[in-house]
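Listed below, chain by chain, are the residues.
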Amino acid sequence: MYGLDEKLLLKKTYYSVGGGAVLDEDEVGKSRDKNKRVLPFDFSSAKELLQKCKDNSFKISTLMMENEKSMRSSDEVKKSLLNIWATMQESILSGCKSTGKLPITGMRKRASEIYNKLKKRDSFPMVDPLEVMDWVDLWALAVNEENACGNRIVTAPTNGAAGILPAVIQYMNKFLGSSLKDFHEDRVINFLLTAGAIGLLYQRNASISGAAVGCQGEVGVACSMAAAGLAEIMGGTIEQVENAAEIGMEHNLGLTCDPVGGLVQIPCIERNAMAAMKAINAARMALNGDGKHFVSLDSVIKTMLETGKDMMNKYKETSLGGLAVNIVEC
Ligand code: SF4
């Protein structure tokens, strides 16, 4: 930091260590647990989370709310979650309206074009049932184009994967709304609480950083979180919710991070749309089962971490491999 006379006033180095965390030089390498609060229903694994839910007849969202209430009132928690949703909606809306080109690559923004097309077709009942997918794609693309332009989005759990949760929540509200038990606001709150529980498991036991484990840690984790949130709101048992989260990651294992030009555009923007649909599919598949499944969420999280460790560095946010080096620039 420099003063008006261009004299150096302050010099500090900060490190972005992934998953949205920023540490200064003094904090790097130190335990971040020293100020950790004791939560009434803390958990370190999906197995423990489910057991505590069972013991207390909680849904996953209820357990998360109880933990949050140990730090602030439930009204404050609800207000901040609704504020998060309002910000997500703003980014969907501005992405749907924004025209022009993405920075640096000059690629055309697609969300507004798709939005205008879909608006014209907007009729119920839909002639093509897969039109629902076009809307989900649109919402994810809109948010990620906003992210690519450096506009305001919600990190969920990372900026590169920011479109998945908003697209799935919007799907839940627009297409499932009337069939769901919870009122609009409660749905969104409970969705975010459940998704948050799943995100915590990845953050604690693996990583949510593309630089550490590849895109499976960003888009894969967001997919798993969104699948769990949706499964709970659609009436899933805690076992079905855990199954949805597990399916959401199982089919993202090994997903590499190879952004073209080091920009969060290709493959990131489209990848969010694909993962939003995958999350919806994972929730539906889990709800069509009885919650019993072979691969546990804990095993898939462990596998994700190990796969990430085995992944070559060129596939971990370095833009030295994959699509990043195979695009022919004319
Ligand atoms: S490809 Fe890399 S930069 Fe793009 S969303 Fe995935 S992890 Fe993030």
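Check the entry above for the structure.
My aim in this report is to walk through the structure given alongside it, one point at a time.

Here helix α5 (residues 131-148) crosses helix α6 (residues 164-176) at 140°, and the two axes come no closer than 8 Å. Regarding the angle of α5 to α6, the classification is oblique. Judged by the sense of rotation from one axis to the other, the crossing of α5 with α6 is right-handed. Along its contact with α5, which presents Val 132, Trp 135, Val 136, Trp 139, Ala 140 and Val 143, the element α6 presents Pro 166, Ala 167, Gln 170, Tyr 171, Lys 174 and Phe 175. Its residues assigned to classes, the contact of α5 with α6 comprises 10 nonpolar, one polar and one charged.

Once that is clear, we can look at the side chain of Glu 146. Mapped onto the elements, Glu 146 comes out in helix α5. No salt bridge is formed by the buried Glu 146; its nearest oppositely charged neighbour, Lys 109, is found at 5.1 Å. With sequence-adjacent residues up to four places away left out, Glu 146 is seen in contact with Ser 91, Ser 94, Gly 95, Ser 98, Asn 151 and Ile 153.

Attention now moves to the pattern of salt bridges. Inspection of every chain in the model, using the stated rule, returns 12 salt bridges. Here Glu 66 makes a salt bridge to Lys 69, at a shortest N to O gap of 3.1 Å. Highlighted residues: Glu 66 and Lys 69, both in helix α2 (residues 60-69), separated by three residues, approximately one helical turn. Take Lys 69: its relative accessible area is 40%, and that puts it in the partly exposed class. Across the salt bridge formed by Glu 306 and Lys 302, the nearest N and O atoms sit 3.1 Å from each other. With Glu 306 and Lys 302 both in helix α12 (residues 297-310) and four residues apart, the pair spans about one turn of that helix. Owing to a relative accessible area of 41%, Glu 306 belongs among the partly exposed residues under this scheme. Overlapping salt bridges, with partners in common, bring together Arg 121, Glu 131 and Asp 134 in one network.

This paragraph deals with the site of the ligand. Near the ligand, the surroundings consist of Gly 160, Cys 215, Glu 218, Cys 257, Cys 268 and Arg 271. For the shell around the ligand, the class distribution of residues is three nonpolar, one polar and two charged.

Mapped onto the elements of the fold, Cys 96 is located in helix α3 (residues 74-97). Taking relative accessible area as the criterion, Cys 96 reaches 5% and is therefore assigned buried. Sequence separation between Cys 96 and Leu 138 is 42 residues, and the spatial gap between their C-alpha atoms is 7.7 Å. Residues within four places of Cys 96 in sequence aside, it is in contact with Ala 111, Ser 112, Tyr 115, Leu 138 and Ala 142.

In terms of burial, α2 is largely enclosed, as seven of its 10 residues are buried. Taken as a whole, α2 has its buried residues at Ile 60, Ser 61, Leu 63, Met 64, Met 65, Asn 67 and Glu 68.

About the criteria used
- Residues numbered from 1 in each chain as written.
- Predicted model: local features only at pLDDT ≥ 70, side-chain atom pairs only at ≥ 80, totals over all residues.
- Heavy atoms only, no water.
- Axes fitted to C-alpha atoms, helices over the stretch in contact; angles between N-to-C directions.
- Helix = DSSP H or I, 4+ residues; strand = E, 2+ residues; numbered from the N terminus.
- Parallel < 35°, antiparallel > 145°, perpendicular 65-115°, else oblique.
- Left-handed = near helix turned anticlockwise from the far one by under 90°.
- Contact = heavy atoms within 4.5 Å.
- Nonpolar A, V, L, I, M, F, W, Y, C, P; charged D, E, K, R; others polar.
- Buried < 20%, exposed > 50% of the residue type's maximum accessible area, 1.4 Å probe, protein only.
- Lys, Arg positive; Asp, Glu negative; His and termini not counted.
- Salt bridge = Lys/Arg side-chain N within 4 Å of Asp/Glu carboxyl O.
- Near = heavy atom within 4 Å.

Any functional reading would require information beyond the geometric quantities listed.
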